[in-house]
Amino acid sequence: MYHGLMPRIRVWASVHQLDLITLAALSAVIVLLWLPFGWNVSGLSDEWVLLGDFVGSNISLDPSSLRPFVTAFQHLGYLLTPDSHVGINLVFAALLLARGFALYLVIGELLPSARVVASASALLYTVFYADLGWFWLGTHSIAWSGLWTFVAIWLFLRQFRRPARWLWVAVGISQALAMTYEAAFPIIFAAPMLLPLIAGRFNRRVWITAGLWYVVPIILLARYGIVVATQNQLYQSGQFTTALASESPLRDMANSVFRIYKRLLGGAFLDRYTYWRETLPFLPYAGAISGVSVGAVWYSLRRRPPVLRWREVVTASLAGFALIGLGFAGYLVSEYRDVDYRVYYFSAAGSALVFGMALLIVSYGGKWVRRATAAGALIVALIIAPRLGKLALVLGGLLALFVSTRWLFLLGFGVLMGGHASFTLWQHSLYAEAPRGQHWILSAIIEQAPRPADGTLIVLLDESPERRAMLEFENRRDMLIGAVRYLYANPTLDAAFCVPGAETFGYFREACAFTENGFYTRWTKFVLSERTIPYQNLVVFTFDEEQGPRLLEQLPVPAAGYEPASITGVGESLPPRAESALYDFPTEKPDTPVNWGLLH
């Protein structure tokens, strides 16, 4: 049996050699993206709340929910490595790898005569610099939807080329998994437009195949509409209301479309080019990513040199340009149409394909095709970056004249990979370092109050000029509450910010006051919550920008019963999660406050 199996494995490996090389290169790129920071990168916001919910529970999916997988993968990651962030990062990286490989499979079906573009585009997609939230650990469900969107389209195209009944079952399941996030809807409904381009005409088979594709999406879309219309879906309804509240929503949507095309065709670098010095520490890793990727593409070029078949070229190019817009279309009717984080998970795939096709056409398209492409590239460059347009044209023209086709492709691809990887690594570093301020504050609180009594309210007075303590938690009280309850492993604890003298403050319109009867606190997260806490259940920290939180032994107002020493657990052991979930406990003060503008 062993001797009969090995020849089959060798034959299979030979047939799928390019697939395996691409998968290996993608895996290496993923590892290099995490190598400078490690796998224990902390979450920033809702992750603190979710971690407390995950403790002692199993993964649960609500089939009636519009987004049943919204926390499932963070939960899976937590179960893999409890009380650390390693598992969540591993699952996130696995989804990025799988998404890249699924895109490779889709493009391979669109370009069977030039599969090297599939490898190049998939590798570029994994490091594509456009979405500022590419490494935000709260986007597992978006990554999951993107993965199954690409898988569904790949299976659909295979079914069209090589019909098999069982494939329709796989297509339907993939569609259902893809449509657990709204951004996938426009792509799913537009996918059959590829069929007449591939077939070269409309015929009976195209119409039947397209009709079968729409069965599951129409059912799911009808269900979505019914749920939103009949149930109190605050988030979805709020998004529509916000998006349509402007004076001219159609004009605003058109401006957003122009903005995202500009950004995804190179404009992202113009927004951040002044930060190029920040990318220098990551150049060795970016060089390694570029080297691995170029090596894989070089092998693909040698193994199967591309052949230009213009129907395939036109189909893939149109698909790439369309995917940029379709991937963002779902956000046009939401408040996220004017932001650049967690919105380009789908559109970036289209951009990667567009750049891959440009490399193919310029390198292998012949003299006249090169000239036409160069002219088109100049027009785009002049729109996106007028000052750089002429320089780009001169350099591109010289390369096109004096470099052979294969090396022109590899050189252009290497530059793209290196440039995107360096900025993407820098963006990852921002997310890796951003939680350090939170950890510094939490670490100081835990050191001074290692075991608060049940029912204790921890108050953080922030009178710093920039309200830095609140800023580190994005002015969100729920993040502080979630972190305190999780780290202490005590769901009875509560936490609050307080800015004395301020009428309201924070994201949830908080208010606070020291009264004769206790500490008054009010905030609104979906519903108004206000109460007065007796001083004997209160522990108050004041915040100093240099020293961090400091426990107040006495309050600045008469406060009968305030005795923090009796309820903070001084002298008791520290909570175990402090060392496993916080950076280098006790965490040192970071050099600079968190800059949310670079993360959003």
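Residues numbered from 1 in each chain as written. Predicted model: local features only at pLDDT ≥ 70, side-chain atom pairs only at ≥ 80, totals over all residues. Heavy atoms only, no water.

K.L.:
I would appreciate a short explanation of the overall build of the protein chain in the present structure.
P.N.:
A tally of regular secondary structure across the protein chain gives 25 helices and seven strands. Of all 600 residues assigned to the protein chain, the portion counted as buried reaches 52%. Of the contacts formed within the protein chain by residues at least 6 apart in sequence, a portion of 78% connects residues at least 24 apart. Roughly 26,900 Å² of accessible area belongs to the protein chain as shown, and the carbon and sulfur atoms make up 62% of that amount. (Helix = DSSP H or I, 4+ residues; strand = E, 2+ residues; numbered from the N terminus. Buried < 20%, exposed > 50% of the residue type's maximum accessible area, 1.4 Å probe, protein only. Contact = heavy atoms within 4.5 Å. Areas by Shrake-Rupley, 256 points an atom, 1.4 Å probe, with all protein chains shown as cover.)

K.L.:
Help me understand the pattern of salt bridges, please; the structure alone is not making it clear to me.
P.N.:
For side chains bearing opposite charge, pairing can occur when the charged atoms are close. Within the structure shown, the criterion is met by 20 salt bridges. A salt bridge links R158 to E109; the shortest N-O distance between them is 3.7 Å. Taken as a pair, R158 in helix 7 (residues 140-161) and E109 in helix 5 (residues 86-110) lie far apart in primary sequence, 49 residues in all. Judged by relative accessible area, R158 falls into the partly exposed class, the value being 28%. Note on E109: relative accessible area 7%, which makes it buried. In this structure, the salt-bridge partner of D252 is R337, at a minimum N-O distance of 3.8 Å. Of the two residues, D252 sits in helix 14 (residues 249-272) while R337 sits in the loop between helix 16 (310-329) and helix 17 (347-364), which places them 85 residues apart along the sequence. Three or more residues are tied together by salt bridges with common partners; here these are D46, R476, D478 and K525. (Salt bridge = Lys/Arg side-chain N within 4 Å of Asp/Glu carboxyl O.)

K.L.:
In this structure, what is going on with the pairing of strand 1 (residues 457-461)? I would like to understand it.
P.N.:
Consecutive residues of a regular strand have side chains that alternate between opposite faces of the sheet. Burial runs high along strand 1: five of the five residues are buried. Taking every second residue as pointing to the same face, both faces of strand 1 are buried, with L457, V459 and L461 on one and I458 and L460 on the other. Bridge analysis of strand 1 against strand 6 (residues 538-544) gives five bridges, and the strand direction is parallel. Bridging from a neighbouring strand, L460 pairs with F541 of strand 6. (Pairing = 2+ DSSP bridges.)

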